[in-house]
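Structural description and commentary
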Amino acid sequence: ATQIVRQKEHYTALTDQYQAIRRMRHDIASHLYTIELLLNQGKYHEACAYSQEVQAANRYQSQLGSCENPVVDAYLYSRIRELQRDGVSLTVAAEIPEHCAVSDMDLIIALGNLLDNAWEASRSAEKPEIHMRAVCQNGGVILETRNTVGAAIQEKKRRIPELERGIGFQILQELAEKYKGSFVHGQEGPWFLTALILKEGTADAAHRHL
């Protein structure tokens, strides 16, 4: 039932995106027509001023407040709302530029796995809580999470430590190797910490402790 609900939400979001694109194309055509009309009338200063006004009005604005990458910003904003609806207390500090060493696809894979793992670990805790930090530093990207841990996860960690987070950790480790970075994780008291560093070539990106 949960999968069906999320699938409907997904297709609703896609529909909204397509409708937004249609409106945007219509607006662009209207703006171009106006600029062309002003130029044909020799009103060059007016055309320039109108063009600048249109650019300012359509400049990208982060939904999170400080993330310049529209793909990451949109994904995190949507995922945060989902987790909050599931009862998670969540904070995210994301400062990712529009272009960086890591592809948008790999960023979403990393962020998605980190958040999914954190949710899986904290969902049985008395107060599910997740904190994430995503920043670009020294040419690479640093992704850190800190989440509460439920009793079931603590028991599982003692019994089968190598399988404590399933295939998600394997994917994150592969990303770290792909970008010549590192992936570390461990539990400190009631908190589980992860730090994924994705470097650009030989760039040295050091992460801080949570």
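Just so it is clear, the structure is predicted and the values come from calculations on it, not from any experiment. (Residues numbered from 1 in each chain as written. Predicted model: local features only at pLDDT ≥ 70, side-chain atom pairs only at ≥ 80, totals over all residues. Heavy atoms only, no water.)

1. Details of the pattern of salt bridges
Between side chains of opposite charge, a pair can form when the charged atoms approach closely. Tallied over the entire structure, the rule returns 5 salt bridges. A salt bridge links Glu-82 to Arg-79, with the shortest nitrogen-to-oxygen separation between them at 3.0 Å. You can see Glu-82 and its partner Arg-79 sitting in helix 3 (residues 70–85), 3 residues apart, about one turn around the helix. If you follow the salt bridges from partner to partner, you end up with Arg-79, Glu-82 and Asp-116 in one network. (Salt bridge = Lys/Arg side-chain N within 4 Å of Asp/Glu carboxyl O. Helix = DSSP H or I, 4+ residues; strand = E, 2+ residues; numbered from the N terminus.)

2. Quick word on unusual backbone geometry
Although it is not a glycine, Lys-180 sits at a positive phi angle of roughly 55°. Assignment of secondary structure puts Lys-180 in the loop between helix 6 (167–178) and strand 4 (182–188).

3. Remarks on the state of the cysteines
A complete count under the given rule lists 0 disulfides for this structure. Here Cys-100 is not disulfide-linked; the sulfur of Cys-136 is the nearest cysteine sulfur, at 5.4 Å. Classification of Cys-100 as partly exposed rests on a relative accessible area of 25%. (Disulfide = S-S within 2.5 Å. Buried < 20%, exposed > 50% of the residue type's maximum accessible area, 1.4 Å probe, protein only.)

4. What about the confidence of the model for the chain?
Averaged over all residues, the pLDDT of the chain is 80; the fraction at 70 or higher stands at 76%. When mean pLDDT is taken per element in the chain, strand 5 (residues 191–198) scores highest with 95 and helix 5 (residues 151–159) scores lowest with 49. Counted against residues more than four places away or in other chains, residues 154–164, with its pLDDT under 50, gives 12 contacts. Note that residues 201–210 has pLDDT below 50 and, in this model, 24 contacts with residues that lie over four places away or in other chains. (pLDDT = per-residue confidence, 0-100. Contact = heavy atoms within 4.5 Å.)

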